[in-house]
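Secondary and tertiary structure notes
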Amino acid sequence: YRKMSNKKRTCAKTIINFIVSYFNNCCIHGFRYLVQSMLVLFEKLLWLMLLLISIYFCIIVCLSSIDRYYTKSTHIGLERNYHFWNTTVPSITVCPMQRINDTFFADFCRKNGIKGQQKSVFWDFLENLANSTYINFQNIPENDQIDQIIKDIKLEPENYMDLIYNLTYDSSYEPIEKQRTRSIDGQVNIHVRQVLTEYGLCYLGNSKLGEEYSSRYLIFGKYPEFNKYEMTRKLLQYQLGSYFEKDVGYTLLGFSSEAIDSYIHSAFEVMKVDANFGYTDEGVVYDPVSEEIIAEDNLEKTVGMRKCRFYHESNLTHFPFYTRNVCQQECRINLAYRICKCIPHFYPNRIAHPKKVCDYKTLRSCFPRHASFFLKLYEEHGKHEKPATCYCEQNCLDAVVTTRTALPMIGSKQLLGSIGSAISIKTWPQNRLKRQVIFSLTDLLVSIGGTAGLFLGFSVLGLVELLYFFTVRLLLQILGYTL
C-alpha cells in the first residue's frame, strides 16, 4: 500500500512539474508569474485573477465575433452607378378566362358518352373549376347531374388538374402565328411558357425562372417540349434594358378568350393570386418601375447567414425550386390541409406522401369561409385557435416592381385579332440594392486572432506551442526522455 501511495505521489509530482514547465516557457502572458518561486502568495493570486478576467473577456469577444459571422455577415447596400447596369424588364403572367378547348372537350365527351344537356352542364362545371381560386370557389356549380357525370366517368379529385390540363390547348405551340400565344418586341421573340398557378393554367413571359416552373413539370414531372415556333425569329429568354435605352418593352398577346386577367411581377418571382389588375376585354399597356436586388458573386454562404435563398435552394415539399411567393403558396397548402383536411386541385402534389385533394363540394363549402385567412396568412379578428406559421426567406435575387399607369389599348382586338398585355419601360431606376459580404471568414480569423493577442498575447505560434507541448513533448516525457 505504501509503495502504491509513493507511486501516486511521484506521478502527481511529475504532472505538476510538467505543467509548471509549460507555464515557465509558454508565450501566453502572465502564466509564468503563477509558478515563479520569488513571488509571494498575494502576487500569485493577483496574477491569477488578472488572467481569469482576461480569459473571460477574450472568450466573450471571440464568441461575439463568431455570432456576427453567422448572423450578421451580410448586409444590403445601395448602388447608384446606374450608367453601368442592365435591368431585367418585369414579367407578365396572363390568365385567359376561357380555359377549356372546345375541340378537346367535344372529343372527351364523345369518348365518355356525355351528350345533350349533360354536356352543357359538364362544360360549365369544368370551366368554373379551371377558373377557380380562393376568391371564387363558391361559383363552382353543384347539382345532381354533375355528381352523376363525375360518378360515371370515375373522376377523382386527384385527377381534376390532369383533366383540365388535357382539355386545355397550350396555345404557345399553335403553328399559325397570329393565333399563337407569343411574346414579341418588334422582330424578336421572348420565351413564353404555360405555367400552373393558384389561378389555374396561365401564360408567363419574360421570366428568369427555370423550366421547372411550368405546368407540364409541376403536374407530370416532365420538362416542356421544345417550341420550334419560337425559333422562327431571334429568341430571348428575357429582356434587359439600360439607362440609355428609352421605351423598352414587349407584348404578350394571342388570347382569343373574351377576357384576360394580368399580373405584373418581378422576373425572379411568380405571380401572387391576390395582386391582379382585374379582368379586361381589351389589351392593356403597363408602365412599371423596377428596382432590382442583386447579390455579389461570392455570396455563397449558408441560408441562415445571408438570410435569403437562391432559386435552386428549395426547402419546400411541393415545389422543386424556391421563390418567396412559392414558399407562401406552400404555407397556404399546409394551412388549407390543416383547416379543410385537403388541398385545392391546382397545387403540385407529386410528393412521397401526397395530400388529399379536395372534391368540388369541399372547395365550395370550406374555402370561401376562410378565403381571407388563406390569402393573407393572418387574420384580423382571430377566429382560428392557432395562427398560421409561415416564415419565408427573401429571394437573394429579386426586384421590387411598382406599376405607375395601366392604359387600355382600345380596338386592339379588332386590329390584332386577339387581346394581350404589354409592358413599356420609359424610365429606369437610378438605385439598386446589393447583398454584400461585410464580415468574411478571413475577417473572423483576424478578429479572433486580434482579440486573443490583445487579452492574452496569444498567437498562432502560441497555439502550435500548446499542441506541441501536450502531444509530442508529453509523449517523450512518458517514454522517459528528460527534456
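One can find the structure itself at the top, above this paragraph.
The structure contained in this document is the topic of the report that follows. Note that the coordinates shown come from a computational prediction; the quantities given were computed from them, not determined experimentally. (Residues numbered from 1 in each chain as written. Predicted model: local features only at pLDDT ≥ 70, side-chain atom pairs only at ≥ 80, totals over all residues. Heavy atoms only, no water.)

With that settled, the discussion passes to the overall build of the chain. Per the secondary structure count, the chain includes 15 helices and 18 strands. For 483 residues, the compact-globule formula gives about 23 Å, and the C-alpha radius of gyration of the chain, at 34 Å, lies well above that figure. Each principal axis of the C-alpha atoms in the chain carries an extent, and together these give about 110 × 60 × 45 Å. Among the 483 residues that make up the chain, the fraction classed as buried is 46%. Sequence separation of 24 or more characterises 76% of the internal contacts of the chain that already satisfy a separation of 6 or more. Roughly 26000 Å² of accessible area belongs to the chain as shown, and the carbon and sulfur atoms make up 57% of that amount. Taken together, the 54 basic and 47 acidic charged side chains of the chain have centroids lying 12 Å from each other. (Helix = DSSP H or I, 4+ residues; strand = E, 2+ residues; numbered from the N terminus. Rg over C-alpha atoms; globule rule 2.2 N^0.38 Å. Buried < 20%, exposed > 50% of the residue type's maximum accessible area, 1.4 Å probe, protein only. Contact = heavy atoms within 4.5 Å. Areas by Shrake-Rupley, 256 points an atom, 1.4 Å probe, with all protein chains shown as cover. Lys, Arg positive; Asp, Glu negative; His and termini not counted. Charge placed at Lys NZ, Arg CZ, Asp CG, Glu CD.)

This part covers the pairing of strand E6 (residues 192–197). Across the six residues that make up E6, a large majority, six, are buried. Where burial is concerned, the two faces of E6 agree: the one with Val-192, Gln-194 and Leu-196 and the one with Arg-193, Val-195 and Thr-197 are both buried. As paired elements, E6 and strand E7 (residues 200–205) share six bridges and run antiparallel to each other. Bridge pairing in E7 places Val-195 opposite Cys-202. Two successive antiparallel strands, E6 and E7, enclose a turn made up of two residues. (Pairing = 2+ DSSP bridges.)

To continue, consider the pairing of strand E11 (residues 260–265). Counting buried positions along E11 yields six of six residues, so the element is predominantly enclosed. Where burial is concerned, the two faces of E11 agree: the one with Ile-260, Ser-262 and Ile-264 and the one with Asp-261, Tyr-263 and His-265 are both buried. Judged from the six bridges that link them, strand E3 (residues 91–96) and E11 form a sheet pairing that is antiparallel. Among the inter-strand pairings, Ser-91 is bridged to a residue of E11, identified as His-265. Bridge count between E11 and strand E12 (residues 279–280): two bridges; the pairing is antiparallel. Following the sheet pairing, Asp-261 is matched in E12 by Tyr-279.

So, about the sheet that holds E6. Overall, antiparallel pairing links the five strands, which are arranged E6-E7-E3-E11-E12 in an open sheet. Among the strands making up the open sheet, the edge pair consists of E6 and E12.

Nonpolar side chains collect at one region of the surface, where Val-40, Phe-42, Leu-46, Trp-47, Met-49, Leu-50, Ile-53, Tyr-56, Phe-57, Ile-60 and Val-61 lie side by side and expose about 1000 Å² of accessible area between them. In this fold, Val-61 is placed in helix H2 (residues 41–71). With a relative accessible area of 32%, Val-61 lands in the partly exposed category. (Patch = residues over 30% accessible without salt bridge, like charges linked within 9 Å, V, L, I, M, F, W, Y side chains within 5 Å. Salt bridge = Lys/Arg side-chain N within 4 Å of Asp/Glu carboxyl O.)

Turning next to helix H13 (residues 441–456). In a regular helix each residue adds 1.5 Å, so 16 residues correspond to 22 Å; H13 covers 22 Å between its end C-alpha atoms and thus fits that length. Buried residues of H13: Leu-444, Thr-451, Ala-452 and Leu-456, and no others. One face of H13 carries all of its buried residues, which in axial projection span an arc of 95 degrees. With respect to the buried face of H13, the exposed residues turned more than 90 degrees away are Thr-442, Val-446 and Leu-454. The inward-facing, buried residues of H13 contact H2. Immediately downstream of H13, the backbone of Gly-457 shows phi near 70 degrees, a positive value. (Expected span 1.5 Å × (residues − 1). Arc of directions from axis to C-beta.)

Phe-122, Phe-125, Leu-126, Tyr-134, Tyr-213, Phe-367 and Phe-374 are the most contacted members of the largest nonpolar core, which has 66 residues in total. Sort the elements by how many residues they give to this core and helix H9 (residues 324–340) lands first, with eight residues. Residues Val-89, Ile-92, Ile-419 and Ile-425 belong to the second largest nonpolar core, which totals 18 residues. (Core = buried A, V, L, I, M, F, W, Y, C linked by side-chain atoms within 4.5 Å.)

Take the pattern of salt bridges next. All told, the structure shown has twelve salt bridges when counted by the stated rule. The residue Arg-233 makes a salt bridge to Glu-177 at a minimum N-O spacing of 2.7 Å. Of this pair, Arg-233 sits in the loop between helix H7 (215–220) and strand E8 (234–236) while Glu-177 sits in the loop between helix H6 (160–166) and strand E4 (182–185), and the two are 56 residues apart along the sequence. With a relative accessible area of 32%, Glu-177 lands in the partly exposed category. Where Asp-287 meets Arg-404, a salt bridge forms, and the shortest distance between an N and an O atom there is 3.0 Å. You can see Asp-287 sitting in strand E13 (residues 283–295) and its partner Arg-404 sitting in strand E16 (residues 398–409), a full 117 residues away along the chain. Judged by its relative accessible area of 44%, Arg-404 falls in the partly exposed class.

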